[in-house]
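Chain by chain, the residues run as shown.
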Amino acid sequence: MELNKIEEILEKYFQGETSIAEENQLKEYFSSSNVAQHLEQYKPMFGYFSQAKEQKSTYEIPLQSKKRNVAWLSIAASVVVLLGIGTYFFMSEQKDTTAIASQTELGTYNNPEEALKATQKALALLSTHVNVGIESVQYINEYEQSKNKIFKQ
């Protein structure tokens, strides 16, 4: 083969544009003993391809059926869904009973002393919030007075 043709095919090979026939020509050229000096560096690469082609694997791959695993997976998924639905209904039923019980007991006391203490507690809480609101109004009044002094009307 001509050296120019081999260099041309080699350039096409590295660009990824060769055909199988051209690659076979390259393999034949590099497997021969008369390889040009400046192309010696590519000889191991094409030699490797011929060696790799001859290698055969003796490892046996065991084939396992996936059907059995899929069956268990579907059973487990359905159990999880049923547990989730059951928990949801159980919790919602429990919330409904506590809401109904708290609505019926709202504001009723059997002992008048407990009722008095609860009322005093509620009024004290209301009083503290009202006092905070009154303090805020006092700040607004003070601001209003200062504004009137600065911007005399």
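Here goes a summary of the coordinates provided. Computed from a predicted structure; not experimentally measured. (Residues numbered from 1 in each chain as written. Predicted model: local features only at pLDDT ≥ 70, side-chain atom pairs only at ≥ 80, totals over all residues. Heavy atoms only, no water.)

1. Details of the overall build of the protein
Then, in step 1: Summing up its helical and strand segments, the protein has 5 helices and 0 strands in all.
Then, in step 2: Along the chain direction, N to C, the helices and strands of the protein fall in the order α-α-α-α-α.
Then, in step 3: Counting every position in the protein, which comprises 153 residues, the buried fraction comes to 8%.
Then, in step 4: Across the protein, every contact between residues at least 6 apart in sequence was considered, and the portion connecting residues at least 24 apart equals 37%.
Then, in step 5: When the accessible area of the protein is evaluated, it comes to approximately 14000 Å², of which 58% is carbon and sulfur surface. (Helix = DSSP H or I, 4+ residues; strand = E, 2+ residues; numbered from the N terminus. Buried < 20%, exposed > 50% of the residue type's maximum accessible area, 1.4 Å probe, protein only. Contact = heavy atoms within 4.5 Å. Areas by Shrake-Rupley, 256 points an atom, 1.4 Å probe, with all protein chains shown as cover.)

2. So, the side chain of Glu 22
Then, in step 1: By the secondary structure assignment, Glu 22 is in helix H2 (residues 20-31).
Then, in step 2: Among the polar contacts made by the side chain of Glu 22, one reaches the main-chain amide nitrogen of Ser 19 at a distance of 3.0 Å.
Then, in step 3: Excluding residues within four positions of it along the chain, Glu 22 makes contact with Ile 9, Lys 12 and Glu 17. (Polar contact = N/O pair within 3.5 Å; in protein donor to acceptor, adjacent residues only side chain to side chain.)

3. Here's the deal with the pattern of salt bridges
When the charged atoms of two side chains with opposite charge come close together, those side chains can pair.
Then, in step 1: In total, this model carries 2 salt bridges according to the counting rule given.
Then, in step 2: Glu 22 is the salt-bridge partner of Lys 12, the closest N and O atoms lying 2.9 Å from each other. Of this pair, Lys 12 sits in helix H1 (residues 3-15) while Glu 22 is found in helix H2, placing the two residues 10 residues apart along the sequence.
Then, in step 3: With a relative accessible area of 18%, Glu 22 lands in the buried category.
Then, in step 4: Close ionic contact of Glu 144 with Lys 147 constitutes a salt bridge, the shortest N to O distance being 3.4 Å. Residue Glu 144 and its partner Lys 147 are both found in helix H5 (residues 112-150); the two are separated by 3 residues, about one turn of the helix.
Then, in step 5: The exposure class of Glu 144 is partly exposed, given its relative accessible area of 35%. (Salt bridge = Lys/Arg side-chain N within 4 Å of Asp/Glu carboxyl O.)

4. A look at a nonpolar patch on the surface
Then, in step 1: On the surface, Trp 72, Ile 75, Val 79 and Leu 83 cluster together into a nonpolar patch covering about 450 Å² of accessible area.
Then, in step 2: With respect to the element layout, Trp 72 can be found in helix H4 (residues 67-104). (Patch = residues over 30% accessible without salt bridge, like charges linked within 9 Å, V, L, I, M, F, W, Y side chains within 5 Å.)

5. Considering the packing of aromatic side chains
Then, in step 1: Inspection of the entire model under this criterion finds 5 aromatic pairs.
Then, in step 2: A ring pair is formed by Tyr 29 and Phe 30, whose centres lie 5.3 Å apart and whose planes are at 80°; its orientation type is edge-to-face. Considered together, Tyr 29 and Phe 30 belong to a single accessibility category, that of buried residues.
Then, in step 3: Ring geometry for Tyr 88 and Phe 89: centres 5.5 Å apart, planes at 65°, overall edge-to-face. In this pair, the class of Tyr 88 matches that of Phe 89, namely exposed.
Then, in step 4: An aromatic cluster of three or more residues is present, and its members are Tyr 13, Phe 14, Tyr 29, Phe 30 and Tyr 42. (Phe/Tyr/Trp six-rings, centres within 6.5 Å; stacked < 30°, edge-to-face > 60°.)

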